[in-house]
Amino acid sequence: MSTTASASERFRERSDRIWQGLHAHPFITELAAGTLPIDKFRFFLEQDNLYLQDYARCLAMGAAKSRNEEELRYFITDLNQVVDQELPSNRALLKRVTEMGAADRGGASEMAPANVAYTSYMRSLALHGGPLEIMASLLPCAWSYIEIATALADGVDRDHPVYADWVGYFSLPQNVAMVADMRRDFDRLVHEEAPGRARWDEIDRIFAMSSRLEHQFWEMAYTFERWPDRAKDLAPP
């Protein structure tokens with residue numbers, strides 16, 4: 001990659017193998033084709049609703065640790081979007097898939113192992129890290145959703161009653177613009193705080209780990225991941 005690339009582009013490139021796995025995951029490819037079983041999408045939405053509450057708490061921690069107006073705006077803008085837009089959108093989609101007959105596979109009862117791993121990682125960084133660490137842990141979530149949805153926008157099954165709407169929400173111009181702003185703020189902070197190799201590598205590891213946990217989140221939803229003692233509960237007929 002060119003040395004003129006932004007920090008976010010360079011971190012994204014270093015994690016490209018992980019991100020290729022996000023785009024190629026069967027949850028995403030089947031969703032685009034309209035063949036993803038609706039039960040899996042319900043499980044995903046239920047787990048995502050639990051995840052987003054902790055994601056929002058981490059944004060609030062970032063806001064509390066902000067040292068200037070620019071950092072405060074970064075966290076507050078994303079926090080408002082999650083609480084006012086994304087969670088309501090998820091709940092509306094969940095209502096629709098439930099009405100379509102999607103089976104209850106226990107997604108709303110508690111966080112699955114991959115969800116606990118992801119949110120625990122973010123919350124640990126929110127507690128012990130500063131604004132840059134928090135940004136690095138949260139950016140792969142927002143950015144990867146926009147990138148995936150944008151890539152699917154022209155190829156998703158438009159006749160599917162819910163999947164096209166999910167893709168449409170994350171490819172809305174205002175959501176694309178918000179993530180572009182997030183990346184610019186992140187790039188600025190990396191430039192200010194991570195000029196040394198050791199610091200750069202630290203942020204790179206955080207970005208890559210959150211990217212891996214994104215992949216595990218899709219895998220969790222696709223396989224109906226449950227805790228071993230819950231594995232037999234709500235099993236498919």
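To be clear, the structure that these remarks concern was listed above.
Residues numbered from 1 in each chain as written. Predicted model: local features only at pLDDT ≥ 70, side-chain atom pairs only at ≥ 80, totals over all residues. Heavy atoms only, no water.

(A) Molecular detail of the environment of A126. Along the chain, the position of A126 falls in helix 6 (residues 113-128). Sequence separation of A126 and P26 is 100 residues, and the distance between their C-alpha atoms is 31 Å. Those residues in contact with A126 that lie beyond four places of it in its chain are C58, M61, K65 and I134. (Helix = DSSP H or I, 4+ residues; strand = E, 2+ residues; numbered from the N terminus. Contact = heavy atoms within 4.5 Å.)

(B) Examining the packing of helix 6 against helix 7 (residues 131-152) more closely. Where helix 6 contacts helix 7, the two axes come as close as 8 Å, and the packing angle between them is 155 degrees. On the basis of their axis angle, the class for helix 6 and helix 7 is roughly antiparallel. Considering only the axes of helix 6 and helix 7, their crossing is left-handed. Contacts from Y118, M122, L125 and A126 in helix 6 reach E133, I134, S137, L138 and C141 in helix 7. (Axes fitted to C-alpha atoms, helices over the stretch in contact; angles between N-to-C directions. Parallel < 35°, antiparallel > 145°, perpendicular 65-115°, else oblique. Left-handed = near helix turned anticlockwise from the far one by under 90°.)

(C) Region of interest: the nonpolar core. Core analysis: the biggest nonpolar cluster contains 78 residues, and F27, F41, F44, Y55 and W166 have the highest contact counts within it. If you tally residues by element for this core, the top one is helix 7, at 14 residues. Apart from residues lying up to four places away in sequence, W166 is in contact with L31, F41, F44, L93, Y145 and W218. (Core = buried A, V, L, I, M, F, W, Y, C linked by side-chain atoms within 4.5 Å. Buried < 20%, exposed > 50% of the residue type's maximum accessible area, 1.4 Å probe, protein only.)

(D) Quick peek at helix 2 (residues 16-24). Considered for burial, the residues of helix 2 that qualify are D16, I18, W19 and L22. The buried residues of helix 2 occupy one face: seen down the axis, they fall within an arc of 155 degrees. Exposed and oriented more than 90 degrees from the buried face of helix 2 are R17 and A24. Tucked inside the fold, the buried residues of helix 2 contact helix 1 (7-14), helix 3 (26-33), helix 7 and helix 10 (197-223). (Arc of directions from axis to C-beta.)

(E) Representation of the side chain of K40 in the model. Here K40 is to be found in helix 4 (residues 38-65). Despite its burial, K40 pairs with no opposite charge; the closest candidate is E30, at 5.1 Å N-O. Within the structure, K40 has its side chain in polar contact with the backbone oxygen of Y222 (distance 3.1 Å). Those residues in contact with K40 that lie beyond four places of it in its chain are F27, A221, Y222 and F224. (Lys, Arg positive; Asp, Glu negative; His and termini not counted. Salt bridge = Lys/Arg side-chain N within 4 Å of Asp/Glu carboxyl O. Polar contact = N/O pair within 3.5 Å; in protein donor to acceptor, adjacent residues only side chain to side chain.)

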